[in-house]
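Residue-level structure breakdown
The primary structure of each chain is shown beneath.
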Amino acid sequence: MTRIGRFAPSPTGPLHAGSLVAALASWLDVRAQGPDARWLVRIEDADTERCLPAMGEVILSQLAACALLPDEPPVWQTQRAHRYEVALDKLKAAALAYPCGCSRKDIDEALARLGVAHTRHGERVYPGTCRDGLHAKAARAWRFAATKFQQVSAEPLVHWHDRRLGDQQQDVAHEVGDFVLKRADGPWAYQLAVVVDDAEQGVTDVVRGEDLADNTARQILLQRALGVPTPRYLHTPLVLGPDGDKLSKQNGATALQAGTPAEALAALDAAAQQLGLRATNAGSATEALAEWVPQWRDLYNSRP
Ligand code: GLU
């Protein structure tokens, strides 16, 4: 089986020191698996409200400056809406997606009535108000019937293994609730788009930042509901900002400087050390990358 990995940045800004770590890790993981393995780049611009169209090209040129070159032309999610529509139709046909008419205020009020202040990572845990019908409200979103799917499947908890973090489990219905697949007349949700794309691109290995680990159980449920394979997962350590949170534009991440070969090499060297690889004395990005491949293989056990 051809191993396929991918880097899937959202073009909300240029690459920074944190996102370079995920890019480098997914690239090394593919290269460590032998000459036939392929590394793809997917620009995750499905959330048109947050993404800046020009940033996709900026990210691709930053990657190229670091000698991180995809093996196929990059894919853009905004060109793939029809694929997400097909997946949503399939879930609707299986009665695993339902329209929801709740505003944030409606959800807060429903949670207050239930006597629970139920949020997870700042997001409201949906109490299932529209599960049995819209109650004369207009649809604002489509949700995945996670609660129902978990009830009918033999496993109420989603179990999965992370190659770095070890065994994980989550009760999606209880901890997250029926999550959004698409906002009505609005963008496709990350969870659906990422599952459809990983499946259609034949991705076997997802390597991405640890902040995304919490999404994995949701994505595994969707994979099962859509009848597509579950890839292997590895979540990489996060680069933290001065406030101790994940480095991001909001807490001061500056755009990756890779304008000269020396800058690109220095940025890669810092990213490699975040991943537990040794600092390099190589003279170019390409040489440094070649040095790190066997180190990555030893650390993360990805055999060719
Ligand atoms: N587009 C997501 C992000 O940039 C990453 C998605 C993924 O790797 O699954 O945060």
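A word on the packing of aromatic side chains
Scanning all chains against the criterion turns up five aromatic pairs. Consider the rings of Trp160 and Tyr233, whose centres lie 5.9 Å apart with planes at 70 degrees: the pair is edge-to-face. Of this pair, Trp160 sits in strand β8 (residues 158-162) while Tyr233 sits in strand β12 (residues 232-236), placing them 73 residues apart in sequence. According to the relative accessible area criterion, Trp160 is buried, its value standing at 9%. You can call Tyr233 buried: its relative accessible area is 2%. The structure contains a cluster of three or more aromatic residues connected by ring pairs, namely Phe144, Phe149 and Phe179. The residue whose ring lies beneath Arg143 is Tyr126, and the NZ or CZ to ring-centre distance is 3.7 Å. One cation-aromatic arrangement involves Lys182 over Trp188; the distance from NZ or CZ to the ring centre is 5.1 Å.

So, the side chain of Asp178
With respect to the secondary-structure elements, Asp178 resides in the loop between α6 (172-175) and β10 (180-183). In terms of polar contacts, Asp178 uses its side chain to reach the side chain of Tyr98, at 2.6 Å. In terms of polar contacts, Asp178 uses its side chain to reach the side chain of Arg131, at 3.1 Å. Apart from the residues within four sequence positions on either side, Asp178 is in contact with Tyr98, Tyr126, Arg131, Arg143, Phe144, Ala145, Ala146 and Thr147.

Some thoughts on the pattern of salt bridges
When the charged atoms of two side chains lie near each other, side chains of opposite charge can form a pair. On inspection of all chains with the given rule, the structure shows 23 salt bridges. Of the charged contacts, one joins Lys105 and Glu109 as a salt bridge, the two residues approaching to 3.4 Å between their closest N and O atoms. Linking Lys105 with Glu109, this pair stays in helix α4 (residues 104-114), spanning four residues, or about one helical turn. Overall, Lys105 belongs to the exposed group, its relative accessible area being 57%. The class for Glu109 is partly exposed, based on a relative accessible area of 38%. Asp211 is the salt-bridge partner of Lys246, the closest N and O atoms lying 2.9 Å from each other. In this pair, Lys246 is assigned in the loop between β12 and α9 (261-274) and Asp211 in the loop between β11 (205-209) and α8 (216-226), connecting sequence segments 35 residues apart.

A word on the environment of Asp108
With respect to the helices and strands, Asp108 occurs in helix α4. Taking C-alpha positions, Asp108 is 39 Å from Ala25, a pair spaced 83 residues apart along the chain. Polar side-chain contacts of Asp108 include one of 2.8 Å to the side chain of Arg124.

Quick notes on the site of the ligand
Taken together, Arg6, Ala8, Pro9, Ser10, Glu44, Tyr190, Val194, Arg208 and Leu212 make up all the residues around the ligand. Side-chain polar atom of Ser10 to a nitrogen atom of the ligand: 2.8 Å apart, as the coordinates give it. Within the complex, 81% of the 300 Å² of free accessible area of the ligand lies under protein. Residues of the shell around the ligand, tallied by class, amount to five nonpolar, one polar and three charged.

As for the nonpolar core
Core analysis: the biggest nonpolar cluster contains 45 residues, and Leu24, Leu63, Leu68, Leu268 and Trp292 have the highest contact counts within it. Mapped onto this core, the elements with two or more residues apiece are α1 (17-31), β2 (38-43), α2 (53-65), α9 and α10 (285-300). Per element, the largest residue contribution to this core is nine residues, and it comes from α1. Residue contacts for Trp292: discarding those within four places in its chain leaves Leu24, Leu28, Leu268, Asp269, Ala272, Leu277, Arg278 and Thr280. Core analysis: the second largest hydrophobic core is formed by 34 residues, Ala46, Phe149, Phe179 and Leu181 among them.

Some remarks on the sheet that holds strand β4 (residues 97-100)
Reading across from one edge, β4-β7-β10 is the order of the three strands in this open sheet, with antiparallel pairing throughout. Each of the sheet's edge strands pairs with one partner strand only, and the pair in question is β4 and β10. Each neighbouring strand pair of the sheet contributes to a mean axis angle of 25 degrees, computed without reference to strand direction. Taken together, the four bridges between β4 and strand β7 (residues 141-144) define a ladder with antiparallel strand orientation. Residue Cys100 lies in a different strand from β7, and its bridge partner there is Ala141.

The rules behind each value
- Residues numbered from 1 in each chain as written.
- Predicted model: local features only at pLDDT ≥ 70, side-chain atom pairs only at ≥ 80, totals over all residues.
- Heavy atoms only, no water.
- Phe/Tyr/Trp six-rings, centres within 6.5 Å; stacked < 30°, edge-to-face > 60°.
- Helix = DSSP H or I, 4+ residues; strand = E, 2+ residues; numbered from the N terminus.
- Buried < 20%, exposed > 50% of the residue type's maximum accessible area, 1.4 Å probe, protein only.
- Lys NZ or Arg CZ within 6 Å of the ring centre and 35° of its normal.
- Polar contact = N/O pair within 3.5 Å; in protein donor to acceptor, adjacent residues only side chain to side chain.
- Contact = heavy atoms within 4.5 Å.
- Salt bridge = Lys/Arg side-chain N within 4 Å of Asp/Glu carboxyl O.
- Near = heavy atom within 4 Å.
- Areas by Shrake-Rupley, 256 points an atom, 1.4 Å probe, with all protein chains shown as cover.
- Nonpolar A, V, L, I, M, F, W, Y, C, P; charged D, E, K, R; others polar.
- Core = buried A, V, L, I, M, F, W, Y, C linked by side-chain atoms within 4.5 Å.
- Pairing = 2+ DSSP bridges.
- Axes fitted to C-alpha atoms, helices over the stretch in contact; angles between N-to-C directions.

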